[in-house]
Amino acid sequence: MSRGRYAPSPTGDLHLGNARTALVAWWRSRGAGSSFVMRVEDLDEPRTVPAAVPGNLDELRWLGIDWDEGPDVGGAHAPYRQSQRHALYERALAELADREAVFECYLSRRELRELSSAPHGATPVYGEQERRRNRLVRERKRAQGKRPALRLQAEETELRFHDALHGEVVFEAASEVGDVVLRRADGAWAYQFAVVVDDLEMGIEEVVRGDDLLHSTAAQLLVYRALRREPPAFMHVPLLLDESGERLAKRRGSLTLSALRSSGVTAAKVVGLLAATLGFLERPEPLEAAEFLSIASLDQLRREPHALTPEELRWLGL
């Protein structure tokens, strides 16, 4: 059994890359004869588009994906919107605070950027020099009434997990991950913390997501360890790229399901194209979601990113 989930962030219409990951997550659960959970990750209130909450669910149902639990069908682990799960996060944070695993961080984003030695575009690592600077400014900023972020201090340890596609993956917690934010200074819950609490509480057994989130998994493993709970299994799927080799992005309106549907493209065409980009078909052909389940195979699943070709886009009618 492999109880899985898909957890869209309702910041806009889903694009082909989102749909591709959703199909793989759905196949991994359904193919194992297990249940599938739909969760809405709407913690980022300023970026949440209210219409995208039901809209994303409608897009996924149009593809043929179904789920046993979710915000529109309920279930034993409700609510299924992160914005309604604050009490669970408070409880988990209190558990960590009781173990003195949490510390207050008063450094601003500007201060962290100045201290960071990470290459441009890389994720900065909060480590010993940041902790030293935080200790120096802590009392002054407290006196000024500044609210701190809450962080989990990284251990000097290896974070090792087996990925269904990538095999053994190893990160050095202190040098590559650093101290994980649990709650931001503005009071908002951090993604890495909320996801772990939700996946634990919902009994998720395998997490499927894009391989651009491998580093996020390492950060989340620190949280699992601090909570003294076993993490789920993981599968990180190589990304679907546009014609120029760039990752698809909602902010650029990249090939959204809504736009394709409105232009008359069928769900079977979309599923067939995505099956081909994953390596399950030699070339795109119309495919119902149920047929996708019957042909999907871990052995055939591509281990490299796939850039959409002009021929594939023409096949969609674009």
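So, here is what we can say about the structure in this document. This structure is a prediction, so every number in the text was calculated from the model and none was measured.

### Overview of the overall build of the chain
Stage number 1. The number of helices and strands found in the chain is 12 helices and 11 strands.
Stage number 2. For 318 residues, the compact-globule formula gives about 20 Å, and the C-alpha radius of gyration of the chain, at 21 Å, lands near that figure.
Stage number 3. Its C-alpha atoms give the chain principal-axis dimensions of roughly 65 × 45 × 40 Å.
Stage number 4. Within the chain, buried positions represent 51% of all 318 residues.
Stage number 5. For the chain, long-range pairs separated by at least 24 residues make up 75% of all intrachain contacts whose partners lie at least 6 apart in sequence.
Stage number 6. In the structure as shown, the chain presents an accessible area of about 15000 Å², 48% of it carried by carbon and sulfur atoms.
Stage number 7. Counting 43 positive and 49 negative side-chain charges, the chain places the averaged centre of each group 6 Å from the other.

### A word on the pairing of strand S4 (residues 149–152)
Stage number 1. Burial along S4 is two-sided: Ala 149 and Arg 151 and Leu 150 and Leu 152, pointing in opposite directions, are all buried.
Stage number 2. In the sheet, strand S3 (residues 102–105) pairs with S4 via 4 bridges, with the strands oriented antiparallel. Directly across from Glu 104, in S4, lies its bridge partner Leu 150.

### A word on the packing of helix H1 (residues 16–30) against helix H10 (residues 267–278)
Stage number 1. Interaxial distance between H1 and H10 falls to 10 Å at its minimum, and their mutual angle equals 75°. As far as their axial angle goes, H10 and H1 are roughly perpendicular. Between H1 and H10, the contacting residues are Leu 16, Ala 19, Arg 20, Leu 23 and Val 24 on the first element and Val 270, Val 271, Leu 273, Leu 274, Thr 277 and Leu 278 on the second.
Stage number 2. Looking at the contact of H1 with H10 residue by residue, the classes come out as 9 nonpolar, 1 polar and 1 charged.

### Regarding the sheet that holds S3
Stage number 1. The strand order across the open sheet built from 3 strands is S3-S4-S7, with neighbouring strands paired in antiparallel fashion. Edge strands, defined here as strands with exactly one partner in the open sheet, are S3 and strand S7 (180–183). Each neighbouring strand pair of the sheet contributes to a mean axis angle of 45°, computed without reference to strand direction.
Stage number 2. Of the pairings in the sheet, the one linking S4 to S7 comprises 3 bridges and is antiparallel in character.

### Re the pairing of strand S8 (residues 206–210)
Stage number 1. Here S8 lies mainly inside the structure; 5 of its 5 residues are buried.
Stage number 2. Inspection of the sheet shows S8 paired to strand S9 (residues 233–237) by 5 bridges, in the parallel sense. Its bridge partner being in S9, Val 207 is matched across the sheet by Phe 234.

Parameters and conventions
Within each chain, residues carry numbers counting from 1 in the order of the written sequence. Reporting in this predicted model follows two pLDDT cut-offs: at least 70 for local features of residues, and 80 or more for side-chain atom pairs to be given and counted; totals over whole chains, interfaces and linings ignore these cut-offs and use all residues. Working from all heavy atoms in the structure, the side-chain values ignore hydrogens and water. Here a helix means four or more residues in a row that DSSP labels H or I, a strand means two or more in a row labelled E, and each is numbered from the N terminus. Radius of gyration means the value over C-alpha atoms here, while the globule rule gives 2.2 Å times the residue count to the 0.38 power. To sort residues, take the accessible area from a 1.4 Å probe on protein chains only and compare it with the maximum for the residue type: under 20% means buried, over 50% means exposed, and anything in between is partly exposed. Only heavy atoms matter for contacts: two residues are in contact if any of them lie within 4.5 Å across the pair. Accessible surface area values rest on a Shrake-Rupley calculation with a 1.4 Å probe, where residue burial reflects the displayed protein chains alone. In this count, Lys and Arg are taken as positive residues and Asp and Glu as negative ones, while His and the chain termini are left out. Charge placement uses NZ in Lys and CZ in Arg. For Asp and Glu, CG and CD serve respectively. The pairing criterion for strands is at least two bridges between them, as found by DSSP. The axes are straight lines fitted to the C-alpha atoms, using for helices just the contacting stretch, and the angles between their N-to-C directions are given from 0 to 180°. With respect to orientation, any angle under 35 degrees is reported as roughly parallel, any angle over 145 as roughly antiparallel, any angle of 65 to 115 as roughly perpendicular, and every other angle as oblique. Side-chain classes are defined by residue name, with Ala, Val, Leu, Ile, Met, Phe, Trp, Tyr, Cys and Pro counting as nonpolar, Asp, Glu, Lys and Arg as charged, and the others, Gly among them, as polar.

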